[in-house]
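Tertiary structure, described
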Amino acid sequence: MALAGPLSMHAGIGVPGDRGIALPQPPRGAQSLSLGGLPAGQAQALLAAEGDDEEELAANVQFLGTRWDLAAADLQGYSNVVASLLSHPSAEVVASAAEALGNLCAPGARFAEAVAATLSHPSHKVKWAAAYALGKFGPEALQHAKKLAAVAEDAQGSDDLSVKTRVFAMQALGQLRAADEAPLAARLLSTDASFEVQSIACLALAEMGEAGRAGEIAGKLARPGTCLAAVSSLGLLGAEVVTEHSEAIVASALCSADVQTRAEALAALAKCAGHSRAPALADRLVPLLSASEPAVRAAAGLALGGLGTAAAGAAEAVAGLLADLAEDERWLPHQVGGGAPREPMAMRKPRCAAVVALGAMHSAAHTKAIAELLEDGDWELRFCALEALAGLGVAAREAVGRVAARTEDDAYPVRAKACFALGALGAEEEADRIVELLQDPAQAVRAEAAAALGALGEGVVREYSSELVRLLQDVSNNVRTATIRALATLGPAGGPYAAVLARQLCDPMPDVRAEVCVALTQLGAHGAAFAEDVAALLEDPAPEVRVSAARALGSLGDEAAPFAAALRQLAAMGTGEERRAVAEALVKLGLDGGLAAAPAAALRDAGDGGFAAAVLELYREPDLVE
């Protein structure tokens with residue numbers, strides 16, 4: 001629920017629920033800033049050359065900040081160039097530089113001191129960008145929490161500039177989990193006139209772990225402007241807090257006219273599934289199945305489904321919605337005007353919600369009723385029925401024939417979901433039918449068909465491996481990814497396909513490259529033979545690929561040992577997730593220089609900050625790893 005960078009925003013403050021956030025676009029002159037592989041010296045020269053046009057320079061820096069992946073070849077050099085602009089005479093340039101450094105996340109923390117110094121800049125834009133950056137830097141910027149708090153307290157006006165300043169400062173304090181500033185957040189929550197500030201204060205208190213202030217947060221559920229932030233915050237505080245305030249969450253958030261607020265309420269209430277008071281919560285939800293608004297009836301059904309078997313006693317009441325033909329249409333004007341996407345089917349239609357809920361409750365008694373809906377004229381209802389049957393598992397085996405028939409459905413989402421359901425039901429007898437859909441014109445169907453074959457197990461994948469290998473050349477990266485995952489189920493027996501899969505390490509799409517890293521770890525010695533190729537991806541432009549490569553090396557055994565130095569280099573400049581992946585890899589490889597003395601699980605239990613700190617300590621002592 002964090003805000004976008006201050007310079008990437010337009011109309012609206014950008015608090016939870018606000019849709020006024022624009023994706024950054026290449027600015028004027030961006031073509032002159034040739035990012036990929038550009039040496040730092042040339043980058044500095046180019047940025048200096050643009051100095052006569054401050055607006056263009058600021059735009060170029062902002063664009064670079066959104067595309068750090070293109071500068072991965074010399075990240076430190078680029079970041080040094082950008083950091084030097086924090087002292088530029090133009091406020092626009094300084095703000096762009098601070099935001100760009102913030103987008104580096106943890107690796108940018110080495111500039112925290114310089115960025116924090118700009119909090120005293122007279123420009124509001126610079127203050128916003130500096131606060132945004134400090135929040136993104138993570139634990140290493142916590143030492144600047146007092147400065148952020150001072151910025152929030154000094155900006156006491158009711159004008160938009162002051163409000164935004166309080167919002168960005170409070171957001172950063174929450175991201176830093178600056179618990180010492182919880183009293184300030186609580187004061188803004190109760191006294192600030194701006195609902196944007198109150199909303200951010202709610203979230204900040206939750207991120208600080210202030211469960212003792214849950215009552216104050218819950219008090220904001222009754223106000224439409226803060227309801228979304230309040231329910232999101234209560235959800236962050238955990239099941240006990242949600243259960244305690246479930247009545248208010250149901251009354252205000254679950255019954256809200258805003259779909260995002262209802263969705264957050266559903267996510268929060270689902271955390272009560274294992275709680276001893278879940279059955280009592282289910283009893284409070286049942287009357288809402290008869291509410292006047294279709295959206296509320298649907299939400300009540302989904303909330304009961306979210307409680308799982310704890311709400312099994314309400315299954316018959318939920319089943320009553322299977323005859324409810326209504327649909328919530330309040331979202332239509334917003335979609336037509338381009339202000340909102342189409343609402344999820346189960347949030348709009350009580351029938352769809354009921355089907356999904358019955359599946360989530362594992363209500364085997366309603367299997368037949370759900371299966372009969374596979375013949376309904378509404379494709380969305382057929383789609384939901386397939387999802388529910390997949391969730392019922394063994395209890396729905398009797399419906400396999402009907403499920404298989406949906407592989408010929410006119411609606412491609414239904415064909416795709418039918419493949420998924422057949423895989424989930426272990427319907428090996430329908431493998432031939434699934435294989436036919438590997439040639440379906442819809443990429444979603446081909447991807448689900450490949451995934452379904454993988455779900456049916458090694459024997460089925462081995463039988464149809466030739467058909468699957470051909471899909472590695474599919475035009476859709478989703479299909480290629482699903483195919484790689486399916487072939488990986490062969491395990492060590494799939495060794496002969498290791499070289500075929502390794503070729504996909506050069507795939508143009510990052511999700512495919514990341515999936516290949518994972519797959520090679522499952523192919524035994526044949527997969528480990530490509531450790532060097534995997535290690536090369538530690539310098540991949542895409543962060544998700546770097547994380548996947550690091551984790552994979554940790555599972556490739558002795559073949560990965562020579563790449564410990566490359567792993568250390570990644571952690572030195574990487575994000576928190578990259579650092580954790582590196583630490584886990586080194587622990588698995590026994591190259592951790594003593595970290596293994598404390599089990600990896602114990603290190604993780606120390607929290608992200610503790611685990612990352614342990615990793616950083618390892619890199620400060622390079623002699624610990626040969």
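Residues numbered from 1 in each chain as written. Predicted model: local features only at pLDDT ≥ 70, side-chain atom pairs only at ≥ 80, totals over all residues. Heavy atoms only, no water.

Observations concerning the overall build of the protein
Condition: Helix and strand assignments come from DSSP, with helices taken as H or I runs of at least 4 residues and strands as E runs of at least 2, each series counted from the N terminus. When accessible area is computed with a 1.4 Å probe and restricted to protein chains, residues below 20% of their type maximum are described as buried, those above 50% as exposed, and intermediate ones as partly exposed. Every residue pair with non-hydrogen atoms within 4.5 Å of one another is taken to be in contact. Using a 1.4 Å probe, accessible areas were evaluated by the Shrake-Rupley method; residue-level cover was limited to the displayed protein chains.
Each helix and strand in the protein was counted, giving 39 helices and zero strands. When each of the 626 residues of the protein is scored for burial, the buried share is 56%. Put simply, of all contacts in the protein between residues at least 6 apart along the chain, 67% involve residues at least 24 apart. Accessible area of the protein: about 25,400 Å², with a carbon and sulfur share of 53%.

Things to note about the packing of aromatic side chains
Put simply, the rule reads: Ring geometry is summarised as follows: Phe, Tyr and Trp rings, the Trp one being its six-membered ring, pair when their centres sit within 6.5 Å, and such pairs are stacked at plane angles under 30 degrees, edge-to-face over 60 and tilted between the two. Distance and angle both matter: a charge sits over a ring if NZ of Lys or CZ of Arg is within 6 Å of the ring centre and within 35 degrees of the ring normal.
Scanning the model with the defined rule gives two aromatic pairs in all. Considering the side-chain rings of Trp128 and Phe168, the 6.3 Å spacing of their centres and the 25° angle between planes classify their relative orientation as stacked. A residue pair is termed long-range when its members are at least 10 positions apart, and Trp128 in helix 6 (residues 124-137) and Phe168 in helix 8 (residues 160-175) qualify at 40 residues. Judged on exposure class, the residue Trp128 and its partner Phe168 are both buried. Ring centres of Trp379 and Phe383 lie 6.4 Å apart, and the angle between their planes is 85°; on these two criteria the pair is classed as edge-to-face. Taken as a pair, Trp379 and Phe383 lie in helix 23 (residues 379-392) at a separation of four residues, close to a single helical turn. Take Trp379: its relative accessible area is 34%, and that puts it in the partly exposed class. Lys417 extends its terminal NZ or CZ atom over the ring of Phe420, reaching a point 4.8 Å from the ring centre.

Quick word on the environment of Pro287
As for its placement among the helices and strands, Pro287 is situated in the loop between helix 16 (278-285) and helix 17 (294-306). Judged by relative accessible area, Pro287 falls into the exposed class, the value being 56%.

Side note on the pattern of salt bridges
The cut-off we apply is this: Whenever Lys or Arg places a side-chain nitrogen within 4 Å of a carboxyl oxygen from Asp or Glu, that contact is recorded as a salt bridge.
Within the structure shown, the criterion is met by 30 salt bridges. The partner of Arg187 in a salt bridge is Glu153, and the shortest N-O contact between them spans 2.6 Å. Placement of Arg187 in helix 9 (residues 182-191) and of Glu153 in helix 7 (residues 145-154) is noted, with a sequence separation of 34 residues between them.

Remarks on the side chain of His245
With respect to the helices and strands, the residue His245 is situated in the loop between helix 13 (239-244) and helix 14 (246-254). With relative accessibility at 14%, the residue His245 sits in the buried group. For His245, the contacting residues outside a window of four places in its chain are Ala214, Gly215, Ala218 and Leu234.

So, the packing of helix 12 (residues 224-236) against helix 15 (residues 259-269)
Filter applied, for reference: Geometry is summarised by axes, namely lines fitted to C-alpha atoms with helices restricted to the contacting stretch, and by angles between N-to-C directions that run from 0 to 180 degrees. Each angle is binned into one of four classes, with values under 35 degrees roughly parallel, values over 145 roughly antiparallel, values of 65 to 115 roughly perpendicular, and all other values oblique. Crossings are assigned a handedness: left-handed for a near helix turned anticlockwise from the far helix by less than a right angle, right-handed for a clockwise turn. Side-chain classes follow a simple rule in which Ala, Val, Leu, Ile, Met, Phe, Trp, Tyr, Cys and Pro form the nonpolar group, Asp, Glu, Lys and Arg form the charged group, and the remainder, Gly included, forms the polar group.
Put simply, helix 12 and helix 15 touch, their axes get as near as 9 Å, and they point 15° apart. As judged from the angle between their axes, helix 12 and helix 15 are roughly parallel. The handedness of the crossing between helix 12 and helix 15 is left-handed. On helix 15, the residues touching Cys227, Leu228, Val231, Ser232 and Gly235 of helix 12 are Gln260, Thr261, Glu264, Ala265 and Ala268. Class assignment for the residues of the contact of helix 12 with helix 15 results in five nonpolar, four polar and one charged.

Some thoughts on unusual backbone geometry
Of note, the phi angle at Arg177 is positive, near 55°, even though the residue is not glycine. In this structure, Arg177 sits in the loop between helix 8 and helix 9. Residue His362 is not a glycine yet carries a positive backbone phi of 60°. Looking at the element boundaries, His362 is found in the loop between helix 21 (350-360) and helix 22 (367-372).

Some points on the nonpolar core
The condition is simple: Buried residues of nine kinds, namely Ala, Val, Leu, Ile, Met, Phe, Trp, Tyr and Cys, make up a nonpolar core once their side-chain atoms join them within 4.5 Å.
Of all hydrophobic cores here, the largest spans 203 residues; its most connected members are Leu254 and Leu553. Sequence-distant contacts of Leu254, that is, excluding residues within four places in its chain, are made with Ile249, Arg262, Ala265, Leu266, Leu269, Leu285, Leu288, Ala299, Ala300 and Ala303.

Regarding the environment of Ala273
By secondary structure assignment, the location of Ala273 is in the loop between helix 15 and helix 16. Note: C-alpha distance between Ala273 and Thr243 (30 residues apart in sequence) is 9.8 Å. Beyond its immediate sequence surroundings of up to four residues, Ala273 is in contact with Ala278, Gly306, Leu307 and Ala310.

As for the confidence of the model for the protein
In plain terms, the rule: Each residue gets a pLDDT score, which is the predictor's confidence in that residue and runs from 0 to 100.
Scored by pLDDT, the protein has a mean of 85; 82% of the residues are at 70 or more. In the model, residues 594-612 has pLDDT below 50 throughout and makes 18 contacts with residues more than four positions away in sequence or in other chains. Ignoring residues within four places in sequence, the model shows residues 614-626, a span with pLDDT below 50, making 24 contacts including any to other chains.

Notes on the packing of helix 14 against helix 15
Viewed as axis vectors pointing N to C, helix 14 and helix 15 meet at an angle of 160°, and their least axial separation amounts to 9 Å. The orientation of helix 14 relative to helix 15 falls into the category roughly antiparallel. Viewed along their axes, helix 14 and helix 15 form a crossing whose handedness is left-handed. Contact with helix 14, carried on its side by Ser246, Ile249, Val250, Ala253 and Leu254, involves Thr261, Arg262, Ala265, Leu266 and Leu269 of helix 15 and no other residues of that element.

Looking at helix 37 (residues 576-589)
The periodicity of an α-helix, 3.6 residues per turn, causes residues three or four places apart in sequence to face the same way. Operational definition: Here the expected length of a helix is defined as 1.5 Å per residue gap, with one fewer gap than residues.
The terminal C-alpha atoms of helix 37 lie 20 Å apart, and with 14 residues this matches the ideal 20 Å at 1.5 Å per residue to within 8%. Among all positions in helix 37, only Glu578, Arg579, Ala581, Val582, Ala583, Glu584, Ala585, Leu586, Val587 and Leu589 are buried.

Here we look at the environment of Arg177
Given the relative accessible area of 58%, Arg177 is considered exposed. Along the primary structure Arg177 and Pro139 are separated by 38 residues, whereas in three dimensions their C-alpha atoms are 8.2 Å apart. Not counting chain neighbours up to four residues away, the residues in contact with Arg177 comprise Glu207 and Met208.

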